[in-house]
Amino acid sequence: MAYYSLMRSLRSSILPAFSVRSRIPTLLAVLVIAFAAGLSGCGGGQQPSKVPPTPEEKAYLQDIQFTTSRVEAARNFLCHTVTTLYSQVKNNGKKTVIYIEVSLTFSDIDGKPVEQKQAYPISGDTLPLKPGETRPFQVSFDQVPALWNQAPPQIAPVRVILAGE
């Protein structure tokens, strides 16, 4: 009987502190997931509704230029490698762009495509890109193709939405 009363007193004095400590990993995991979700939005942006592009928007793709691309890899606080593409987008046209979707093509050492990803450097999460304006953007990836040649991926505009000026 003394054993049970001793265990009961220990449980009442130790377990409340233990249960608070046991919540710390859960809270930390929630914060990590929220932080990672926020990071994945950098340069990720949001997709617009599936309204087909106008002929003017299709023609405007030639006025979008990408320059100064570089890739860096770093370890995050979870010891995972995160690869980030840093580039610049320039609006060479005469209209304001409110949305740009790009295709990123990763190649192997022979120059053959091994994977393609989408990114949204200009979206509802960013300011519109004015005529003649150049703006830096970045896109982070937690997974890249194993056969990738480590060079910046080819960036090609896929879709633009122009401001209704």
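In what follows, the structure referred to is the one given above.
A brief report on the enclosed structure follows.

### Examining the sheet that holds strand β5 (residues 134-141)
Line of reasoning, step 1. Spatially, β1-β2-β5 is the arrangement adopted by the three strands of the open sheet, whose pairing is antiparallel. Lying at the two open borders of the sheet, with one neighbouring strand each, are β1 (64-75) and β5. Pairwise comparison of adjacent strand axes, ignoring direction, gives a mean angle of 20° for this sheet.

### Focus: unusual backbone geometry
Line of reasoning, step 1. Of note in the backbone geometry, T68 takes a positive phi value of approximately 50° without being a glycine.
Line of reasoning, step 2. When you line up the elements, T68 lands in strand β1.
Line of reasoning, step 3. The exposure class assigned to T68 is exposed, which follows from its relative accessible area of 59%.
Line of reasoning, step 4. You will see that C79, though not glycine, has its phi angle at about 65°, which is positive.
Line of reasoning, step 5. Residue classification places C79 among the exposed residues on the basis of a relative accessible area of 53%.

### Observations concerning the environment of F141
Line of reasoning, step 1. Among the structural elements, F141 can be located in strand β5.
Line of reasoning, step 2. The sequence separation of F141 and T83 amounts to 58 residues, and the corresponding C-alpha distance is 5.2 Å.
Line of reasoning, step 3. Those residues in contact with F141 that lie beyond four places of it in its chain are T81, V82, T83, L85, L104, F106 and K117.

### Some words on the pairing of strand β4 (residues 113-122)
Line of reasoning, step 1. In terms of strand pairing, strand β3 (residues 97-107) meets β4 through seven bridges, oriented antiparallel. Looking at β4, one finds that L104 is bridged to K117.
Line of reasoning, step 2. Turn length for the β3-β4 hairpin, with the two strands adjacent in sequence and antiparallel, is five residues, and the turn residue G111 shows positive phi of about 85°.

Reading guide: rules and limits
- Residues numbered from 1 in each chain as written.
- Predicted model: local features only at pLDDT ≥ 70, side-chain atom pairs only at ≥ 80, totals over all residues.
- Heavy atoms only, no water.
- Pairing = 2+ DSSP bridges.
- Helix = DSSP H or I, 4+ residues; strand = E, 2+ residues; numbered from the N terminus.
- Axes fitted to C-alpha atoms, helices over the stretch in contact; angles between N-to-C directions.
- Buried < 20%, exposed > 50% of the residue type's maximum accessible area, 1.4 Å probe, protein only.
- Contact = heavy atoms within 4.5 Å.

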